[in-house]
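Each chain, letter by letter, is given below.
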Amino acid sequence: MRTVDIIEKKRDGGELSAEEIRFLIEGYCRGDIPDYQMAAWAMAVFFRGMTARETADLTLAMANSGDRVDLSPIPGIKVDKHSTGGVGDTTTLVLAPLVAAAGVPVAKMSGRGLGHTGGTIDKLESFAGFRTELSIGQFIEQIGQHGVAIMSQTADITPADKKLYSLRDVTATVNSIPLIASSVMSKKIASGADAIVLDVKAGRGAFMKTTEEAVALAKALVDIGEKVGRETVAVITGMDEPLGFAVGNALEVREAIDTLRGRGPWDLEELCLTLGAHMVMLGGKAAAIGEAREKLRQLLDSGLALKKLKELVAAQGGNPQAIDRPELLPQARRIVPVAADRDGYVTAIDAQEIGLAAMRLGAGRATRDAKIDLSVGVVLRCKVGDAVHAGESIADLYVNDIPRERLAEIQHSVKNAFAIGPTAPARKKLIHAVVSKEGVRDWQEPHI
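A quick note: this is a predicted structure, and the numbers were derived from the prediction, not measured.

This brings us to the packing of aromatic side chains. For the coordinates displayed, the defined rule picks out 1 aromatic pair. Geometrically, the ring pair formed by Phe46 and Phe47 is edge-to-face, given 5.2 Å between the ring centres and 85 degrees between the ring planes. Positioned above the aromatic ring of Tyr28 is the side chain of Lys163, whose terminal nitrogen or guanidinium carbon lies 4.4 Å from the ring centre. The ring of Phe245 has Lys383 sitting right over it, with the charged end atom 5.6 Å from the ring centre.

Encoded structure:
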């Protein structure tokens, strides 16, 4: 078998066999196949695509390129959740303890932020002492004992995906649905969960800019799950404006705590209830979505979900006192307001621009090796549809050391991210559709 023949076959629109795909992935991981040949193959996939069977075989080949986590000793159906990335996307910090409190074991491997999207691992490190680099043995033991663990992905999990993604990132082949889907699902399969709920974002602040693109990706993800024996549901959610109000690591942790107290932003709470209800359903703890949502609502109201967050933080070495005393979380030195320049209604908030502003303040990474400041970021003071008045703050910048000229530029970009018009717009849907093995259905809030 020759690499050049496989590249040529895909270039000409042929369907690769499972053996050919394994040959490519295994050879690339060993270093037998050079970057230039793998880049040529990725470009052929970018233009020619892959069948559902090919994509599933690619996913398994990448999942099998490193360690696989075996969660079978833990009783129950283990459920994982993945988001395709957004701005202010704090859902894991709410969902993991909330769903675990409902009796569904949550096994979550997460990543760090890059660019304008935040990373769950960075946010959790806002708790002093929180350990994210668990061994697989510690990961399994903690899920068994506490019902939830969140760890950073180890170097031994899906090394093929890491190597291939780095190559795609510099060869303009990132935006390929089969390659995106296999990247996401290979990590989920390797981390051992029995069932997977996917939050596929669509909008200005998301990777997929349109609902149609998000649905296409969701279908590919669900197809992979079906073919490899993992029950998978994808929820298509809006990301034109930031989720919630806070964008920045410790700022988002505070908002997650508020949400677990039942005092969070309506959109963050609604999304967590929806994603969580599907996780509870897949975990076998409810027979219907309405029942699952009511169970989760009761856990929020009773304080048991918040108690589970304290348990999670303590189990991983963090300081749980910061949940009741948020002043113990990293604090920025000053707050700089961004004022509206006219009266009216907020008609749009560019989520990507807000995310980029937070990154430039130090909350995110322009490169993978960059250091971040956990205390800084942007907090919105209004959302789309709200009335605003000239001179009042529409957003606050949480700032440490930054040159005056740069701060002025960020203030300007944040102000320009808000569109203000004379009339209030209709609110856009937060949740567009649900994709499962039964197909695509529009989402309507269930009646209990």
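Let's pick the thread back up.
As a further point, take a negative patch on the surface. Judged by side-chain charge, Asp223, Glu226, Glu231 and Glu438 come together as a negatively charged surface patch. Looking at the element boundaries, Glu438 is found in the loop between strand 13 (431–436) and strand 14 (439–442). Its relative accessible area of 65% is what places Glu438 among the exposed residues.

Running from amino to carboxyl end, helix 4 (residues 52–63) crosses helix 9 (residues 177–190) at an angle of 45 degrees, the nearest separation of the two axes being 8 Å. Of the possible angle classes, the one that applies to helix 4 and helix 9 is oblique. Crossing of helix 4 over helix 9 shows right-handed handedness. On helix 9, the residues that touch Thr55, Leu58, Thr59, Met62 and Ala63 of helix 4 are Pro178, Leu179, Ala181, Ser182, Ser183, Met185, Ser186, Ile189 and Ala190. Among the residues making up the contact of helix 4 with helix 9, the classes are represented as 9 nonpolar, 5 polar and no charged.

Below, the discussion takes up the sheet that holds strand 10 (residues 387–388). As summarised here, the arrangement of the 3 strands in space is 10-8-12, forming an open sheet in which the pairing is antiparallel. The open sheet has two edge strands with one neighbour each: strand 10 and strand 12 (418–421). Along the sheet, helix 17 (residues 404–417) makes contact with strand 8 (344–349) and strand 12, crossing strand 12 at roughly 45 degrees.

Right, let's talk about helix 3 (residues 35–48) for a bit. Taking 1.5 Å of rise per residue, 14 residues should cover 20 Å, and helix 3 covers 20 Å from first to last C-alpha, within 8% of that figure. Summarising the contacts, the buried residues of helix 3 are in contact with helix 1 (3–11), helix 2 (18–30), helix 4, helix 8 (159–169) and helix 9. Looking one or two residues beyond helix 3, the residue adopting positive phi is Gly49, at roughly 75 degrees.

Bringing the pairing of strand 4 (residues 195–202) into the picture now. The element strand 4 is largely enclosed, with a buried count of 8 among its 8 residues. Residues of strand 4 alternate between two faces, with Ala195, Val197, Asp199 and Lys201 on one and Ile196, Leu198, Val200 and Ala202 on the opposite face, all of them buried. Judged from the 5 bridges that link them, strand 1 (residues 79–83) and strand 4 form a sheet pairing that is parallel. Note that in strand 4 the partner of Ser83 across the bridge is Asp199. Where strand 4 meets strand 5 (residues 231–238), 8 bridges bridge the pair, whose relative direction is parallel. The residue bridging Ala202 from the neighbouring strand is Gly238, located in strand 5. Considered for its hand, the β-α-β crossover made up of strand 4, helix 10 (residues 211–227) and strand 5 is right-handed.

Residues of strand 9 (residues 377–380) alternate between two faces, with Gly377 and Val379 on one and Val378 and Leu380 on the opposite face, all of them buried. Judged from the 2 bridges that link them, strand 6 (residues 246–247) and strand 9 form a sheet pairing that is antiparallel. Note on strand 9: the bridge partner recorded for Ala246 is Val379. In this sheet, strand 11 (residues 393–399) lies alongside strand 9 in antiparallel orientation, the contact comprising 4 bridges. Bridge assignment links Val378 to a residue of strand 11, and that residue is Leu397.

One open sheet holds the 4 strands; their spatial order is 6-9-11-7, and the pairing between them is antiparallel. The open sheet has two free edges, formed respectively by strand 6 and strand 7 (334–339), since each of these has just one partner strand.

We now examine the side chain of Thr55. Relative to the helices and strands, Thr55 resides in helix 4. With near-sequence residues (within four places) excluded, Thr55 lies in contact with Met50, Pro178, Ala181, Ser182 and Ile224.

This brings us to the packing of helix 4 against helix 10. The N-to-C vectors of helix 4 and helix 10 enclose an angle of 70 degrees; their axes lie 9 Å apart at closest approach. When the interaxial angle is binned, helix 4 and helix 10 end up roughly perpendicular. In this structure, the crossing between helix 4 and helix 10 has a hand that is right-handed. Contact residues: Ala52, Arg53, Thr55, Ala56 and Thr59 in helix 4; Asp223, Ile224 and Lys227 in helix 10.

Right, let's get into the nonpolar core. By size, the foremost hydrophobic cluster in this structure holds 86 residues, and its most contacted members are Phe127, Ile354, Leu361, Val378, Leu397, Val414 and Phe418. Per-element tally for this core: the top contributor is helix 12 (residues 266–282), with 9 residues. Setting aside residues no more than four positions away along its own chain, Val414 makes contact with Val338, Ile354, Ala357, Ala395 and Leu397. If you look at the next biggest cluster of nonpolar residues, it comprises 36 residues, including Ile74, Ile143, Met151 and Val200.

This brings us to the pattern of salt bridges. Scanning all chains against the criterion turns up 30 salt bridges. With a shortest N-O distance of 3.0 Å, Glu409 and Arg360 are connected by a salt bridge. In this pair, Glu409 sits in helix 17 while Arg360 sits in helix 16 (residues 351–363), placing the two residues 49 residues apart along the sequence. Classification of Arg360 by relative accessible area gives partly exposed; the value is 27%. Salt bridges here are not isolated pairs; linked through shared partners, they connect Glu15, Arg53 and Asp57.

Rules and cut-offs
Residues numbered from 1 in each chain as written. Predicted model: local features only at pLDDT ≥ 70, side-chain atom pairs only at ≥ 80, totals over all residues. Heavy atoms only, no water. Phe/Tyr/Trp six-rings, centres within 6.5 Å; stacked < 30°, edge-to-face > 60°. Lys NZ or Arg CZ within 6 Å of the ring centre and 35° of its normal. Patch = residues over 30% accessible without salt bridge, like charges linked within 9 Å, V, L, I, M, F, W, Y side chains within 5 Å. Areas by Shrake-Rupley, 256 points an atom, 1.4 Å probe, with all protein chains shown as cover. Salt bridge = Lys/Arg side-chain N within 4 Å of Asp/Glu carboxyl O. Lys, Arg positive; Asp, Glu negative; His and termini not counted. Charge placed at Lys NZ, Arg CZ, Asp CG, Glu CD. Helix = DSSP H or I, 4+ residues; strand = E, 2+ residues; numbered from the N terminus. Buried < 20%, exposed > 50% of the residue type's maximum accessible area, 1.4 Å probe, protein only. Axes fitted to C-alpha atoms, helices over the stretch in contact; angles between N-to-C directions. Parallel < 35°, antiparallel > 145°, perpendicular 65-115°, else oblique. Left-handed = near helix turned anticlockwise from the far one by under 90°. Contact = heavy atoms within 4.5 Å. Nonpolar A, V, L, I, M, F, W, Y, C, P; charged D, E, K, R; others polar. Pairing = 2+ DSSP bridges. Expected span 1.5 Å × (residues − 1). Right-handed = clockwise from strand over helix to strand, strands pointing away. Core = buried A, V, L, I, M, F, W, Y, C linked by side-chain atoms within 4.5 Å.

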